[in-house]
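Close look at the chain arrangement
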Amino acid sequence: MALIIDGKKIAAQIKDECREKVAAYKEQGIEITLAVVQVGHDPASNVYVNNKKKACEYVGIRSLSYELEETVTEEELLALVEKLNNDPTVNGILVQLPLPEHIDENKVTFAISPKKDVDGFHPYNVGALSIGLKGYVSCTPAGVIQLLKRSGIEIAGKNCVVMGRSNIVGKPVSMLLLRENGTVTVTHSKTENIKEITRQADILVVAVGKPRFVTSDFIKEGAVVIDVGIHRNADNKLCGDVDFEDVKDKAGAITPVPGGVGVMTVAMLMSNCTASVEINERA
Ligand code: GUN
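Notes on the structure in this doc start here. What you see is a predicted model, and the numbers here were worked out from it, not measured in a lab. (Residues numbered from 1 in each chain as written. Predicted model: local features only at pLDDT ≥ 70, side-chain atom pairs only at ≥ 80, totals over all residues. Heavy atoms only, no water.)

Below, the discussion takes up the overall build of the chain. Within the chain one finds 10 helices and 11 strands. Here the C-alpha radius of gyration of the chain, 19 Å, is about what a compact globule of 283 residues would show, namely 19 Å. For the chain, the C-alpha atoms occupy an extent of roughly 50 × 40 × 35 Å along the three principal directions. Residue burial in the chain is summarised as follows: out of 283 residues, 48% are buried. Considering only contacts in the chain between residues 6 or more positions apart, those separated by 24 or more positions represent 71%. Here the chain has roughly 13,800 Å² of accessible surface; of this, 51% comes from carbon and sulfur atoms. Side-chain charges of the chain comprise 32 positive and 37 negative groups, with the mean position of each set lying 4 Å from the other. (Helix = DSSP H or I, 4+ residues; strand = E, 2+ residues; numbered from the N terminus. Rg over C-alpha atoms; globule rule 2.2 N^0.38 Å. Buried < 20%, exposed > 50% of the residue type's maximum accessible area, 1.4 Å probe, protein only. Contact = heavy atoms within 4.5 Å. Areas by Shrake-Rupley, 256 points an atom, 1.4 Å probe, with all protein chains shown as cover. Lys, Arg positive; Asp, Glu negative; His and termini not counted. Charge placed at Lys NZ, Arg CZ, Asp CG, Glu CD.)

The N-to-C vectors of helix α2 (residues 43–59) and helix α10 (residues 261–281) enclose an angle of 50°; their axes lie 10 Å apart at closest approach. One way to sum up the angle between α2 and α10 is to call them oblique. α2 and α10 meet at a crossing whose hand is right-handed. For the pair α2 and α10, contact is made by Asn51, Lys52, Ala55, Cys56 and Val59 and by Val266, Leu269 and Met270, respectively. The residue inventory of the contact of α2 with α10, partitioned by class, reads six nonpolar, one polar and one charged. (Axes fitted to C-alpha atoms, helices over the stretch in contact; angles between N-to-C directions. Parallel < 35°, antiparallel > 145°, perpendicular 65-115°, else oblique. Left-handed = near helix turned anticlockwise from the far one by under 90°. Nonpolar A, V, L, I, M, F, W, Y, C, P; charged D, E, K, R; others polar.)

With that settled, the discussion passes to empty space enclosed by the protein. In total, this model carries one cavity of 30 Å³ or more according to the counting rule given. Roughly 50 Å³ of internal volume is contained in the largest cavity. Lining the largest cavity, in full, are Val95, Leu97, Thr109, Ile112, Asp117, Asp119 and Phe121. (1 Å grid on protein atoms, 1.4 Å probe; cavity = no way out; pocket = protein on both sides within 12 Å on 5 of 7 lines; lining within 4 Å. Points joined across faces, edges and corners; volume = space filled by probe spheres on them.)

Further remarks concern the site of the ligand. The immediate surroundings of the ligand are formed by Lys52, Leu94, Val95, Gln96, Leu97, Asp119 and Phe121. Note that a nitrogen atom of the ligand is positioned 2.8 Å from one of the backbone N or O atoms of Val95. A distance of 2.8 Å separates a nitrogen atom of the ligand from a polar backbone atom of Leu97. Along the lines of polarity and charge, the residues of the shell around the ligand split into four nonpolar, one polar and two charged. (Near = heavy atom within 4 Å. Polar contact = N/O pair within 3.5 Å; in protein donor to acceptor, adjacent residues only side chain to side chain.)

Reading across from one edge, β1-β11-β8-β7-β5-β6 is the order of the six strands in this open sheet, with parallel pairing throughout. Pairing within the sheet leaves two strands with one partner each, and these edge strands are β1 (3–4) and β6 (183–187). Pairing of β1 with strand β11 (residues 253–254), which is carried by two bridges, proceeds in the parallel orientation. Across the sheet, Ile4 pairs through a bridge with Ile254, a residue of β11. Across the sheet, helix α7 (residues 170–179) is in contact with β5 (159–163), β6 and β7 (203–206); its angle to β5 comes to roughly 170°. (Pairing = 2+ DSSP bridges.)

As a further point, take the pairing of strand β2 (residues 33–39). If a strand is regular, its side chains alternate between the two faces of the sheet. Summarising burial for β2: seven of the seven residues are buried, a large majority. Alternating residues of β2 divide into Thr33, Ala35, Val37 and Val39 and Leu34, Val36 and Gln38, and every residue in both groups is buried. Of the strand pairs in this sheet, β2 and strand β3 (residues 62–68) are connected by seven bridges, and their pairing is parallel. Note that in β3 the partner of Gln38 across the bridge is Glu67. Assessed by its sense of winding, the connection that carries the chain from β2 through α2 to β3 is right-handed. In terms of strand pairing, β2 meets strand β4 (residues 92–95) through four bridges, oriented parallel. Looking across to β4, one finds that Ala35 is bridged to Ile93. (Right-handed = clockwise from strand over helix to strand, strands pointing away.)

Moving on, we get to unusual backbone geometry. Following Leu97, the chain continues into Pro98 via a peptide bond in cis, with omega recorded as 5°. Examined against the element boundaries, Pro98 turns out to sit in the loop between β4 and α4 (105–111). A cis amide bond links Val257 with the next residue in sequence, Pro258, at an omega value of 0°. Within the chain, Asn193 stands out as a residue other than glycine whose phi angle is a positive 50°.

A few words now on α2. Here α2 spans 25 Å end to end across 17 residues, near enough to the 24 Å set by a 1.5 Å rise per residue. Along α2, the residues that are buried comprise Ser45, Val49, Lys52, Lys53, Ala55, Cys56 and Val59. One face of α2 carries all of its buried residues, which in axial projection span an arc of 160°. Residues of α2 that are exposed and point over 90 degrees away from its buried face: Pro43, Lys54 and Glu57. Buried-residue contacts for α2 involve α1 (7–27), β2, β3, β4 and α10. Two residues or fewer after α2 comes Gly60, characterised by a positive phi angle close to 100°. (Expected span 1.5 Å × (residues − 1). Arc of directions from axis to C-beta.)

Structural data, given as structure tokens:
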């Protein structure tokens, strides 16, 4: 049976570390504020936004809530972002995605000041990651790296295979693994003989967006398997991109769903908000 990587425990450690730093900032008279913008009432977004606000409360970060109607115009949303960009009391801005179809998500994401982009989605921060500059790293990819590091899993020199090339997970995770000196291969829907490649992986990060896609024949005995997927099956139970029951006895370590990568996203958001004080100051 593989080591089950406990995302809940690691996320709790990270939030506690942030809480200590935030308390130390407060003693210096510095308060951190995150502006959370939600458009409409998507049920999944409601849950995510609530979790983010609850985490802020625990860590000691002030959260400002902007709940906009589904019918808000792109101009109105951009005007709010601009107001928050120019507000010196706001350290971080998060616009929850997805946005309604009549609003261009890229336009909104790119309008957020890179210094307040705690999601790490702005092209400046994406570019900074790829050339090794300091900046915000998006939360889920950063969470994957923390799960590995805090479980004592060496990345340097290892064969790392990332399944999926999305802008929000696959690409940034591969850049981060490379930054940690892993030898990185990215597979995607057009990859031929995919199992031959994934079976070479010492560390396999799965972000394909297909429930239980990865079975034991995709992995090498003893591999570390990180599952970024989250889905609901026919019984309304959560499952990942990895068939956990099939893979758990062959893997050396594996993340569960829920309780693996998912919980890390909010913890890393808290970490980015805590780091915002220093990043806001940068030229
Ligand atoms: N929607 C789903 N995940 C995320 C996230 O990490 N950030 C934002 N802004 N929206 C999301």
